[in-house]
Structure formats: C-alpha cells, structure tokens
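Coordinate inspection notes
Residue strings, one per chain:
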Amino acid sequence: MKIRKLHILTHILLITFGLAMLFPFFWMIATSFKQGRAVFNLSLIPTAPTTANYVRLMTSGHFSRWFINSLICGILVTFSVLFFDSLVGYTFAKYKFRGKKLIFLLILSTMMIPTEMLVIPWYIMANNLKWANTYWGIIFPGLMSGFGTFLMRQFFDGLPNDLIDAGRIDGLNEFSIWVRVCMPLVKAALSALAIFSFVGNWNAFLWPLIISDEITKYTLPVGLSFFNGEFQTEWEMVMAGASVATIPVLVLYLIFQKQIIKGIALTGVKG
Amino acid sequence: MAHNMKKPRTLAQKNELWAYAFLCVPIIFYVVVRFYPTLYAFYLSFTDWDIVSRDMDFIGLENYFRLMGDSVFVKTLGNTIRYVVFGLPISMFLGFLLAYHINYLNRGADLYKTIYFMPYITSMVAAAWVWRWLFQPPPVGVFNNILTALNLPSQPFLRSTTQAPFAVLVTTVWADLGFQMIIFLAGLKGISEQYYEAARIDGASNMQQLQKITLPLLKPTIVFLVITGTIRYLRIFTQVMNMSTQGDGGPLNSTKPLVLYIYDTAFRSFEMGYSATMTVALFCIILIVTLIQMRITRSEDT
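On a predicted model such as this, the values are computed, not experimentally measured, just so you know. (Residues numbered from 1 in each chain as written. Chains lettered and ligands numbered in written order. Predicted model: local features only at pLDDT ≥ 70, side-chain atom pairs only at ≥ 80, totals over all residues. Heavy atoms only, no water.)

This part covers the UniProt feature "domain: ABC transmembrane type-1" (unreviewed entry) in chain A. In the UniProt entry, the feature "domain: ABC transmembrane type-1" (unreviewed entry) is given for residues 67–256 of chain A. A distance of 22 Å separates the end C-alpha atoms of residues 67–256 of chain A, which is 75% helix and 0% strand. (UniProt positions renumbered as here; feature names shortened; annotations may be inferred. Helix = DSSP H or I, 4+ residues; strand = E, 2+ residues; numbered from the N terminus.)

What follows is about the UniProt feature "transmembrane region" (unreviewed entry) in chain A. Residues and elements named next belong to chain A. Under the local residue numbering, the UniProt record ascribes the feature "transmembrane region" (unreviewed entry) to residues 12–30, 66–90, 102–124, 136–156, 177–199 and 237–256. Counted over residues 12–30, helix gives 100% and strand 0%. Its end C-alpha atoms are 25 Å apart. Between the first and last C-alpha atoms of residues 102–124 the distance is 29 Å; the span itself is 78% helix and 0% strand.

On to the pattern of salt bridges, then. Residues and elements named next belong to chain A. A complete count under the given rule lists 11 salt bridges over all chains for this structure. Glu234 is paired through a salt bridge with Arg56; the nearest N and O atoms lie 3.0 Å apart. Here Arg56 lies in helix α2 (residues 52–59) and Glu234 lies in the loop between α13 (227–231) and α14 (235–270), a separation of 178 residues in the sequence. Taking relative accessible area as the criterion, Glu234 reaches 23% and is therefore assigned partly exposed. (Salt bridge = Lys/Arg side-chain N within 4 Å of Asp/Glu carboxyl O. Buried < 20%, exposed > 50% of the residue type's maximum accessible area, 1.4 Å probe, protein only.)

Accessible area lost upon the coming together of the parts serves often as the stated size of an interface. Residue and element names in this part refer to chain A. The domain architecture assigned to chain A consists of domain 1 (1–49) and domain 2 (59–268). One C-alpha centre belongs to domain 1, the other to domain 2, and the line joining them spans 33 Å. Contact with domain 1, which involves 8 residues of that partner, is made by 7 residues of domain 2. At the boundary of domain 1 and domain 2, one finds 0 salt bridges. Partitioning the side of domain 1 that touches domain 2 into residue classes produces 5 nonpolar, 2 polar and 1 charged. (Domains from an automatic or database assignment. Contact = heavy atoms within 4.5 Å. Nonpolar A, V, L, I, M, F, W, Y, C, P; charged D, E, K, R; others polar.)

Spelled out as structure tokens, the structure:
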C-alpha cells in the first residue's frame with residue numbers, strides 16, 4: 001500500500017513537471033492555428049482553427065527555400081559523417097599501425113576546440129575560396145566529427161575479430177570486410193549517429209549565420225532568426241515557423257528514440 | 001601467394017597500409033579544418049586585422065592588454081559565469097530529481113523521458129522565439145496575459161535589466177535539463193541492485209540509500225555532467241541573440257554572453273584580430289575545465 005501511494009505521488013510530480021515542460025510547445029502549436037485577435041486569447045484550443053498560417057508560410061517569403069536548404073545540408077552532412085566517422089572508428093578499433101595512439105588522441109582533442117574559435121578562420125578560408133552562400137560552404141566544417149569517431153570506435157570494438165578473419169579467408173578485401181561484414185552489425189550505432197548529426201545540423205546556428213548573407217541561402221534557423229524582417233513579428237506566423245522547424249526532429253526522435261537515448265547515455269558513461 | 005614473391009608483405013604490414021589508406025582523407029580534413037584554423041586563430045589574436053584593410057599588422061600582446069581593460073568584455077564574462085553558476089546547478093538538480101523518480105517506475109518511463117527530452121532536441125532559435133513571445137509585454141505576451149487574468153501586476157521581463165537574464169536562464173534550463181536527465185538515468189541504471197538490497201536488509205531508509213549509495217556511486221556521472229555542462233553554458237549564444245530585441249544581448253548588455261560579444265566584434269564591427277583574442281580566452285577557459293575533468297576522472301580510476 002505504501003509503495004503504491006509513493007508511486008502515485010511520483011506520477012503527480014512527473015506529470016506536473018511534464019506539463020510545465022510542454023507548456024511552450026502547447027502555445028506554439030495552438031497559436032500556429034489561430035488568426036486575428038484569437039492569437040492573444042488565452043485558450044489552448046483554437047476556436048476556429050486554420051491552416052492558413054502554414055499555407056502562407058510555405059508560399060510567401062522564403063520559408064520553403066530555407067526548409068529545403070536545411071534539408072539538403074542536413075542530409076549531405078549526415079551521409080558524410082556516417083561514412084567517415086564509421087570508417088575512422090573502425091580503423092582505430094580493428095587495425096594496428098604506427099602512430100595509432102597519437103592520431104586518435106589528436107582527433108579526440110578536436111572535440112575540445114570550441115567552434116567559436118574556428119569560425120573566424122573558416123570564414124576567411126571560405127571567402128578566399130568563394131564558398132560563401134553555397135551548400136558546400138555551410139557543410140564543409142561538419143563533414144567529420146571527433147565525437148562520431150569516438151562513438152563508432154566504441155561500437156566496432158565490441159565486434160569479434162573472428163568475423164574479420166572469416167571475411168579475409170573468404171577472400172574479401174579490407175574495404176569489403178568493413179562495408180559488407182561489419183557495417184550491418186553496427187546498424188544501431190549508425191542510426192544513433194545519423195540522428196545526432198541530422199538533428200545537430202538541422203539546429204546549427206552560429207556557422208550558417210556567419211557564412212550565408214543571401215536570404216535565399218539561409219538555413220531554417222538563420223531564416224527564423226530574421227523573422228522580424230520577414231513577417232513584422234506576426235506571432236502566429238512566427239509560431240507556425242517554429243513548429244515547422246521543430247516537427248521534423250521530433251518525428252525523427254520518436255522513431256529512433258531507443259538509439260538516441262542509448263547513444264547519448266553511452267557518451268556519458270564512458271566520459 | 002606465388003605472385004607475391006617479388007614484394008613479400010606480411011598480413012600485418014598489408015593491414016597497416018589499409019589503415020593508412022582509410023585514414024588519409026580524414027587526416028587531411030582534421031589538419032585543414034581543425035588544426036590549421038586553431039593555429040590561425042592564435043595568430044590572428046596577435047594582429048589588428050579589421051577585414052577591410054589588406055594587411056594584418058602583428059601587434060604582439062596589445063589585444064590581450066585591451067581585453068583586460070575592456071568593460072564590455074568583463075561584463076559579458078560576468079554574465080556568462082552567472083549563467084554557468086546559476087543555470088547549471090538548477091538544470092542538474094532538476095535532471096537528477098526527474099531521473100531518480102523515473103528510474104523506479106514500472107510504467108510510463110518512456111513517455112516521461114520523451115517529454116523531458118523534447119526541448120533538448122528542439123531548435124534553439126525556434127525555442128527562443130516561443131519563449132520570447134511568452135515573455136512579451138501586455139497585451140501580446142502569454143505570461144503577462146496570465147498575470148492580468150489573475151489580477152496581478154504585469155512584468156517587463158525581457159525589457160528589464162534585472163529580469164531579462166532570469167528569462168534567458170529559464171529558457172536555457174528548460175532546453176537543457178533533458179540531457180542531464182538522460183545521463184543521470186544511464187548512471188542510475190549502472191548501479192547494481194545488490195547494493196540496495198543489502199542496504200534494505202540493514203534497514204536503511206530511502207534517504208540514507210540516496211546519500212550512502214546512489215550519490216557516491218554517481219560521482220563519475222556528476223563529474224561528467226558538471227564539466228560538459230560548464231562548457232555548454234560557457235558557450236551560450238543562440239537563445240540570447242534571438243530573445244533580445246536588437247539581437248544584441250540587451251537591454252544594456254544585461255544578458256549578453258561572451259560568445260555574443262565575440263560574434264559582434266568579428267561580424268558586426270569586423271575587428272577580427274580582437275575577436276580572435278577573445279576566442280583564445282574562451283578556449284583557455286574550456287581547456288582548464290577539461291584538464292580538471294581529466295584530473296578528477298584519472299584519480300577516480302586509480
């Protein structure tokens with residue numbers, strides 16, 4: 001009896017707190033379906049819900065362009081990170097070679113360098129190479145990450161070496177062993193890393209803000225941050241924009257919940 | 001193997017070549033996009049380059065002396081430290097409180113995890129806009145509407161130098177505590193049930209178990225969260241830029257963090273050299289924090 005009572009109290013605490021956490025989302029979504037004076041009404045459920053804000057958002061201004069830019073950059077970075085971080089992680093987990101410790105340490109040490117320190121040199125580099133306002137300019141700093149390499153090494157470490165030897169006996173070359181034998185076995189890690197990089201890129205702000213100054217080349221967060229100019233702080237439009245920026249990552253999260261939590265937890269446990 | 005006679009290579013040597021082949025593109029990337037820019041930032045910090053003029057004059061430590069006498073730098077550093085000192089403990093405490101309770105639930109744990117974690121993956125720009133709207137003055141802002149409905153006086157929030165930093169902190173903690181919760185949950189799952197069973201046989205209360213078992217065994221997790229959190233809070237930028245009306249960390253620099261000042265100096269005043277000096281300062285602070293972590297975790301292992 002005592003335990004049951006405690007559980008009810010726990011649920012009450014967690015639900016109250018959960019509602020407070022969700023409060024901004026409630027308002028964001030509710031307002032995005034409101035128009036006119038109803039925007040400033042305190043009712044959570046719109047009396048006359050309308051999708052007009054979304055239609056206007058996607059058809060006028062540059063919003064749909066920003067959405068596509070973010071999508072393209074997110075997908076390109078994700079593929080690059082998946083390929084290179086798993087290749088590098090695999091190499092460090094399964095090969096012996098001279099300089100291994102030093103190179104690994106150097107790659108890991110890049111996690112300590114704050115982006116803020118790199119953006120000024122990147123900006124100069126990108127300008128000299130005429131990469132400003134291009135997709136390549138937005139994505140090139142993120143093509144690989146020390147974090148992803150570390151994560152993938154942890155997972156490849158867990159694969160038995162016998163598998164690789166079996167591949168060698170079957171006459172596969174080292175690249176095929178990696179692609180055809182080992183990669184399918186770390187699918188869970190790959191999906192975790194894919195989600196991390198996509199979400200991270202989708203939400204990235206500082207670098208895209210610096211590198212793009214043509215309104216049609218903005219990514220979604222950069223475009224949103226200039227919403228004042230585009231829509232004169234029409235709050236229902238801002239909330240529709242915020243919803244569209246939020247919903248893709250939420251859907252991804254809901255689909256890949258288990259991997260995301262596992263991946264994040266793993267980084268914490270290992271330090 | 002007969003055709004290999006000319007250049008006999010052992011499997012180990014062959015594999016070493018494969019390893020280097022796999023690493024050559026990544027090594028070029030890390031050198032060009034990580035290490036060279038790092039050194040370049042150090043170099044820039046000793047110049048007075050303002051982007052407009054072609055030449056970069058080497059001025060030695062001048063920027064560093066300027067930094068020490070720069071009242072805006074001191075102010076923004078103070079603001080940043082305030083975010084770390086107030087924001088991080090609150091989000092860690094709440095993250096632990098939630099994880100501790102979710103950990104012994106049989107049902108609903110996944111739902112709660114999702115709810116608390118959602119803000120962490122939400123775009124900070126979108127979140128900043130939503131919170132900015134909640135904090136608007138009447139009749140626009142939701143909080144002020146609620147206050148009015150309850151017959152309470154309305155508040156200036158983002159327009160007040162004393163309330164605006166608090167509004168930024170609320171937004172930051174809201175966005176961040178899901179991360180702390182997930183890591184705490186992983187830590188709690190790692191503690192063997194046997195400890196608790198033994199404690200219960202000895203008649204230890206819940207509070208005693210928390211003090212004598214849970215918290216001491218969570219020490220590595222806590223160290224990890226303090227250090228990574230400190231670094232994250234030191235780099236606060238997006239929410240402040242998007243919550244202040246002019247994007248400048250106002251009113252009167254009251255919310256402006258270090259990174260926003262770095263951004264302003266480089267990309268609004270185009271003083272690249274001086275801005276680079278501040279990024280070096282930020283790097284040094286982060287380096288010290290990281291070294292402390294390595295020290296603590298190492299002494300933990302032995």
